[in-house]
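# A look at the structure
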Amino acid sequence: MRILVITGAGVSAESGIPTFRGEDGYWRNLDPTKLATPEAFARDPNLVWDWYRVRRQRIGKAQPNPAHRAIASLALQADEFLLVTQNVDDLHLRTGLPAEKMVQIHGDIFMTRCSRCEFRRYEQEQDGGSLPKCPQCGALMRPGVVWFGEQLDLAKIDTVENFVTGGDCDLVIVAGTTALFGYIIDWALRARGQAGRLIEVNPEETSLSQFATKSFRELAGVALPRLVNELLRNISA
Ligand code: OAD
């Protein structure tokens, strides 16, 4: 089995991490889709850093849920597997999913990088409330995530493209994402090729639903463990 899985914020929702566009996503009455922007950071870096610190703390205390674990066991059983996650949390990684089998296409919330030079550091711990400055060039440090309107990391695009063009997938699973970005839909559709199944897991209809072989209108933590169990039974039968 050659399998591509694409996940979004909905997969971490049952771990207590608010989604971007869900009702609980608002923070201090602010819309996350407006905070996660270069413009918001240029206007008020303290505010944006405060929001990311709160999210880091929340993620640090959260645990992977059955959806993350189901994806990890699928990864171990599939002949060829790639997870493309839009999530900047580390919950997929904490299930033991090998790092080389996943791409965090929107970056990693625990990475802090310089807004001017190449300096970056990984920091799980909070660094207090002040604005971090680059130890190499003195410029402002920023969260190592991709904001709206910014370029994706080219090396990460290459990893996904290599997988997508490396052969048709038997199965593509898209879970917990509104699939608003063109590249997400494009990768899902190209990866399935002519004959592959495209399965969507999302309580709500999305722009991808019309292309899905089947849409499960359920929570990821409910549907994915069941789906993966069925798949693994079929593989071993
Ligand atoms: P969104 O917040 O846009 O969407 C979350 C999706 O998950 C919605 O479609 C929900 O219906 C669904 N959902 C909610 N709870 C769920 C559950 N328990 N199980 C399954 N599905 C559930 O988040 P994303 O689609 O991930 O990018 O957003 C994509 C990107 O837009 C994010 O990575 C971020 C954001 O702005 C950047 O910051 C560049």
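As a reminder, the structure under discussion sits directly above these lines.
Quick summary incoming for the structure in this document. As the structure is a prediction and not an experimental result, all values here were calculated from the model. (Residues numbered from 1 in each chain as written. Predicted model: local features only at pLDDT ≥ 70, side-chain atom pairs only at ≥ 80, totals over all residues. Heavy atoms only, no water.)

To continue, consider the pattern of salt bridges. Under the criterion given, the structure shown has eleven salt bridges. In this structure, Arg-94 engages Asp-90 in a salt bridge whose closest nitrogen and oxygen atoms are separated by 3.2 Å. Note on Arg-94: relative accessible area 34%, which makes it partly exposed. With a closest N to O distance of 2.9 Å, Glu-123 and Arg-121 form a salt bridge. For Glu-123, a relative accessible area of 10% puts it in the buried group. Residue Arg-121 is classed as partly exposed on the basis of its relative accessible area of 27%. A network of salt bridges, in which partner residues are shared, links Arg-56, Arg-121 and Glu-123. (Salt bridge = Lys/Arg side-chain N within 4 Å of Asp/Glu carboxyl O. Buried < 20%, exposed > 50% of the residue type's maximum accessible area, 1.4 Å probe, protein only.)

Moving on, we come to the packing of aromatic side chains. With the rule as written, the count across this model stands at seven aromatic pairs. Note on Phe-41 and Trp-147: the rings are 5.2 Å apart at their centroids and 45° apart in plane angle, and the pair reads as tilted. Separated by 106 residues along the polypeptide, Phe-41 in helix H3 (residues 38-43) and Trp-147 in the loop between strand S6 (141-145) and helix H6 (154-165) bring together distant segments of the chain. There is no split in this pair, since Phe-41 and Trp-147 are both buried. Site record: aromatic cluster; members linked through ring pairs are Phe-41, Trp-51, Tyr-52 and Trp-147. Taking the ring centre of Phe-163 as reference, the NZ or CZ of Arg-2 above it sits at 4.2 Å. Here the basic side chain of Arg-142 rests over the ring of Trp-147, its NZ or CZ set 3.9 Å away from the ring centre. (Phe/Tyr/Trp six-rings, centres within 6.5 Å; stacked < 30°, edge-to-face > 60°. Helix = DSSP H or I, 4+ residues; strand = E, 2+ residues; numbered from the N terminus. Lys NZ or Arg CZ within 6 Å of the ring centre and 35° of its normal.)

Any link to function would need more than the numbers given here.
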